[in-house]
Amino acid sequence: MSSPVLLLSGVTREHRQGSSVVHALCGIDLAVHAGELVAVMGPSGSGKSTLLHIAGGLDTPTAGQVLVEDRDLATLSAAAGAAVRRRSVGYVFQDLNLLPSLSAVENVALPRELDGVRSRLARREAVKALEEVGVADLAHRFPDEMSGGQQQRVAIARALVGPRRLLLADEPTGALDSATGEEVLRVLRGRCEAGAAGVLVTHEARHAAWADRVVFLRDGVVVDQSGPIAGAESLLSTGGAA
Amino acid sequence: MSIRHGLLALLERGPSHGYQLRAEFDAATGETWPLNVGQVYTTLDRLARDGLVAQDGDPDSDGRIAYRITDEGRRELTSWFTSPVTRHGAPRDELAIKLALAVSTPGVDVVSVVQTQRAATMTSLQELTRLKTRADGDPGDLAWSLVLDHLLFRAEAEIRWLDHCETRVARAAARRGETPLTPAPAPAVAEAVPAGKRGRR
Ligand SMILES: Nc1ncnc2c1ncn2[C@@H]1O[C@H](COP(=O)(O)OP(=O)(O)OP(=O)(O)O)[C@@H](O)[C@H]1O
Ligand SMILES: [Mg+2]
């Protein structure tokens, strides 16, 4: 059985605020395999964004382990970590952070160019990714010349571009109308079916329903799951969440 | 669900007999409301008795009787389509009652009641989404696809309501949690609220 693309074991993240401690995550076990889309739901402040940041190596756990394609993010050098993040992981953040001085297609091509892909090819890939989310016609607009939902789709294209193995999306459908939101999920779902592993944070049950599994977080703890639990995952995960 | 009106609608397409009606009903609604053939025949008998359908010709070689819709039946069908469905749903909504009782019964972990339901509803929402993706691939299946939409929206609304309940329960608990710091006997006050509500009924 192949190992998961993303494996969190006993992941805890504490924030110290003077004398008090905020437990953003407490002992999270989660495995996401290639071909699988997992949704994370939970009330505001339950730790969803923290989980995604840690999964993508943008934040480090105060305890526990994060493996992305069998590599322990904590043991990688800064440069190697950055390379994993760029090559293997695609993110859509809650705040989109498109670079305002770059056009849509340049924003999408940037991570590939940073990766050493030749500019012509990176552009071609970028246009394809923009097409997938239905905004190819806006390729030459700048972020401030697009609506919120259009910017959101550009941010999604940026996460999808190139051969990403792990897709992490934090509320990717927030600014989209329901038909466009559904389109985006279809794209995300398609990528997972084509072999990527995906983690989707959402408040919308309708969108979470596209996932193979839905994980419910509350106060930094997984309280429940719905949907079939993959056989391999139950062998690997240490917590008996079933 | 009104089987009567369902059958009238199917007969509006043309005369048909029980087995065929059942098959057509299933085709239009998926397996959401499975009918057995007995229900179909009983309903046809009652419709015939009320003059809304009539026997169409003699039994066929297998002894099956076909029915057709009458003018009276057509009037009934039109009035069904043009009037809104009213839900005298409140007394039958077990979930709402369960939650109302959960918040007013001491010692019940309301949050876990909510979560248990949410996970179950989420699982059916996932299942419906899978069916819907399949149905959308088949453009001929509009009727079934719309029925699925209905079930999807309903499941989604239920989850939203559960989220809403959880937030409100958490807020109420936070309020109760804060008041003990004051000298007033806060828990007694908090208990008195549901009791007062019960007293009004
Ligand atoms: N830098 C920080 N310092 C202190 N506490 C933090 C910090 N970052 C996050 N937290 C706390 O960690 C908890 C989890 O935050 P997180 O952003 O993961 O929540 P979330 O589930 O994504 O919420 P939302 O749905 O509102 O986006 C919250 O209580 C938050 O206040
Ligand atoms: Mg968040």
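Residues numbered from 1 in each chain as written. Chains lettered and ligands numbered in written order. Predicted model: local features only at pLDDT ≥ 70, side-chain atom pairs only at ≥ 80, totals over all residues. Heavy atoms only, no water.

**Observations regarding the site of ligand 1**
Residue and element names in this part refer to chain A. The line we're drawing: For this purpose, a residue is taken to be near a molecule or strand whenever a single non-hydrogen atom of the residue falls within 4 Å of it. Polar contacts, as counted here, are pairs of nitrogen or oxygen atoms within 3.5 Å of one another; within protein the pair requires one atom able to donate a hydrogen and one able to accept it, and residues that are adjacent in sequence qualify only if both atoms are side-chain atoms. Only the protein chains shown count as cover for residues, and the accessible areas themselves come from Shrake-Rupley with a 1.4 Å probe. Secondary structure counts use DSSP, requiring at least four H or I residues in a row for a helix and at least two E residues in a row for a strand, with both numbered from the N terminus. Under the convention adopted here, Pro, Cys and the residues Ala, Val, Leu, Ile, Met, Phe, Trp and Tyr are nonpolar, Asp, Glu, Lys and Arg are charged, and Gly plus all remaining residues are polar.
Lining the immediate surroundings of ligand 1 are 14 residues, of which Ser 44, Gly 45, Lys 48, Ser 49 and Thr 50 lie closest. Between ligand 1 and the protein, one listed contact pairs an oxygen atom with a side-chain N or O atom of Ser 44 at 2.5 Å. Between ligand 1 and the protein, one listed contact pairs an oxygen atom with a side-chain N or O atom of Ser 49 at 2.8 Å. Out of a free accessible area of 640 Å², ligand 1 has 64% covered by protein chains. Counting residues per element, the ones that place at least two in the shell around ligand 1 are β1 (6–17), β2 (20–32) and α1 (48–55). Examining the composition of the shell around ligand 1, we find that three residues originate from one element, α1, more than from any other. Here the shell around ligand 1 is built from residues that sort into three nonpolar, 10 polar and one charged.

**Considerations on a positive patch on the surface**
In plain terms, the rule: Patch building starts from residues that exceed 30% relative accessible area and form no salt bridge, then joins like charges within 9 Å and nonpolar side chains (Val, Leu, Ile, Met, Phe, Trp, Tyr) within 5 Å. Here, a salt bridge means any side-chain nitrogen of Lys or Arg that lies within 4 Å of a carboxyl oxygen of Asp or Glu. We score Asp and Glu as negative and Lys and Arg as positive, and we do not count His or the chain ends. Just so you know, the charge point we use is NZ for Lys, CZ for Arg, CG for Asp and CD for Glu.
Taken together, Arg 168, Arg 171, Arg 175 and Arg 176 of chain B make up a surface patch of like positive charges. Inspection of the secondary structure assignment puts Arg 175 of chain B in helix α7 (residues 142–178).

**Re the interface of chain B and chain A**
Quoted interface sizes are often the accessible area lost when the parts come together. Selection rule: Contacts were defined at the residue level, with two residues in contact if any of their heavy atoms lie within 4.5 Å. Buried area is calculated as the accessible area (1.4 Å probe) missing from two parts once they are joined, with the contributions of both summed.
Listed by partner, the interface residues are 15 residues for chain B and 20 residues for chain A. Contact between chain B and chain A buries roughly 1400 Å² in total, counting both sides, with carbon and sulfur atoms accounting for 56%. The largest share of the area that chain B buries against chain A comes from Gln 115, Met 122 and Gln 126 of chain B, three residues that together contribute 34% of it. At the junction of chain B with chain A, the criterion picks out two salt bridges. Its salt-bridge partner being Glu 156 of chain B, residue Arg 206 of chain A comes within 2.8 Å of it at the nearest N-O pair. Contributions of two or more residues to the side of chain B that touches chain A are made by α6 (110–136) and α7 of chain B.

**Quick notes on the sheet that holds strand β4 (residues 63–68) of chain A**
Sheet strands pair via backbone hydrogen bonds, and the direction of the pair is either parallel or antiparallel. Residue and element names in this part refer to chain A. Put simply, the rule is: Here, a strand pair is defined by DSSP locating no fewer than two bridges between the strands.
Pairing is antiparallel across the open sheet formed by four strands, whose spatial order is β2-β1-β4-β5. Each edge of the open sheet is held by one strand with a lone partner, namely β2 and β5 (71–72). Bridging between β1 and β4 involves five bridges; their strand directions are antiparallel. Bridged to Leu 8 within β4 is Val 66.

**Comments concerning the confidence of the model for chain A**
Counted only if it meets this: pLDDT measures how confident the predictor is about each residue, on a scale from 0 to 100.
Averaged over chain A, the pLDDT score is 86; the fraction of residues at 70 or greater is 92%. Mean pLDDT across the elements of chain A ranges from a minimum in helix α8 (residues 231–236) of chain A, with 38, to a maximum in strand β3 (residues 37–41) of chain A, with 96.

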